[in-house]
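What the coordinates show
What follows is each chain in one-letter form.
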Amino acid sequence: MLKLEVTFDEINYAGLAAGLIPMLLENLSRKDVKSKEVADLIANLGDAPERMLTAAFGELPQQDMNNLISGIVSIYREDLMKIANEKLKEQNISGGITDIRLENV
């Protein structure tokens, strides 16, 4: 087993969070009929959610942004591992990723 450690610096949090909006809306759409309706309402706002996130992230302290992104990675841990392992398989790389964690340091 190998362990890869990666350190991120100066992350574009607003862009990262905005990139998660489609995945969040897709997951919300699959939950139930009312959740799908809410997701559709949000999707119909166009780029407003992204602009709201950009403004919000401009006001948050770095520690809070780090905690938020760490939490999001934790919530989507299984999905991220699945995506990464699918990409490895596409590249004919044997083995797989068994864990993904993002810690605020």
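Up top is the structure.
Attention here is on the structure that accompanies the text. Everything numeric here is computed off the predicted structure, so don't read it as measured data.

With that settled, the discussion passes to the layout of surface pockets. What the largest pocket holds in volume is close to 1300 Å³. Around the largest pocket, the lining comprises 33 residues; the ones closest to its centre are Leu4, Glu5, Val6, Arg101 and Leu102. Within the residue set of the lining of the largest pocket, elements represented by two or more residues are helix 1 (13–31), helix 4 (62–75) and helix 5 (77–90). No other element matches helix 4, which puts five residues into the lining of the largest pocket. Taken together, the residues of the lining of the largest pocket break down into 17 nonpolar, nine polar and seven charged. Space inside the second largest pocket adds up to approximately 180 Å³. Met23, Glu26, Asn27, Arg30, Asp79, Lys82 and Ile83 together form the lining of the second largest pocket. Top contributing element to the lining of the second largest pocket by residue count: helix 1, with four residues.

We now examine the nonpolar core. Tyr13, Ala14, Ala17, Phe57, Met65, Ile69 and Val73 form the largest nonpolar core, which has seven residues in total. Of all the secondary-structure elements, those providing two or more residues to this core are helix 1 and helix 4.

Here we take up the pattern of salt bridges. This model, assessed by the stated rule, comprises seven salt bridges. Note that Asp40 and Lys36 form a salt bridge whose closest N and O atoms lie 3.2 Å from each other. Separated by four residues within a single helix, Asp40 and Lys36 lie in helix 2 (residues 33–43), roughly one turn from each other. For Asp99, the salt bridge is made with Arg101, and the minimal N-O distance between the two is 3.0 Å. Here the residues in one salt-bridge network are Arg77, Glu78, Asp99 and Arg101, joined through shared partners.

Excluding glycine, residues mostly have negative phi values, and the peptide bonds linking residues are mostly trans. Despite not being glycine, Asn92 has its phi angle at roughly 60°, a positive value. Residue placement: Asn92 occurs in the segment after helix 5. For Asn92, a relative accessible area of 71% puts it in the exposed group.

Quick look at the environment of Ala17 now. Residue position: Ala17 is located in helix 1. Classification of Ala17 by relative accessible area gives buried; the value is 8%. Considering only alpha carbons, one finds Ala17 and Ile93, 76 residues apart in sequence, at a separation of 29 Å. Contact partners of Ala17, with chain neighbours within four places excluded, come to Leu53 and Phe57.

Calculation notes
Residues numbered from 1 in each chain as written. Predicted model: local features only at pLDDT ≥ 70, side-chain atom pairs only at ≥ 80, totals over all residues. Heavy atoms only, no water. 1 Å grid on protein atoms, 1.4 Å probe; cavity = no way out; pocket = protein on both sides within 12 Å on 5 of 7 lines; lining within 4 Å. Points joined across faces, edges and corners; volume = space filled by probe spheres on them. Helix = DSSP H or I, 4+ residues; strand = E, 2+ residues; numbered from the N terminus. Nonpolar A, V, L, I, M, F, W, Y, C, P; charged D, E, K, R; others polar. Core = buried A, V, L, I, M, F, W, Y, C linked by side-chain atoms within 4.5 Å. Buried < 20%, exposed > 50% of the residue type's maximum accessible area, 1.4 Å probe, protein only. Salt bridge = Lys/Arg side-chain N within 4 Å of Asp/Glu carboxyl O. Contact = heavy atoms within 4.5 Å.

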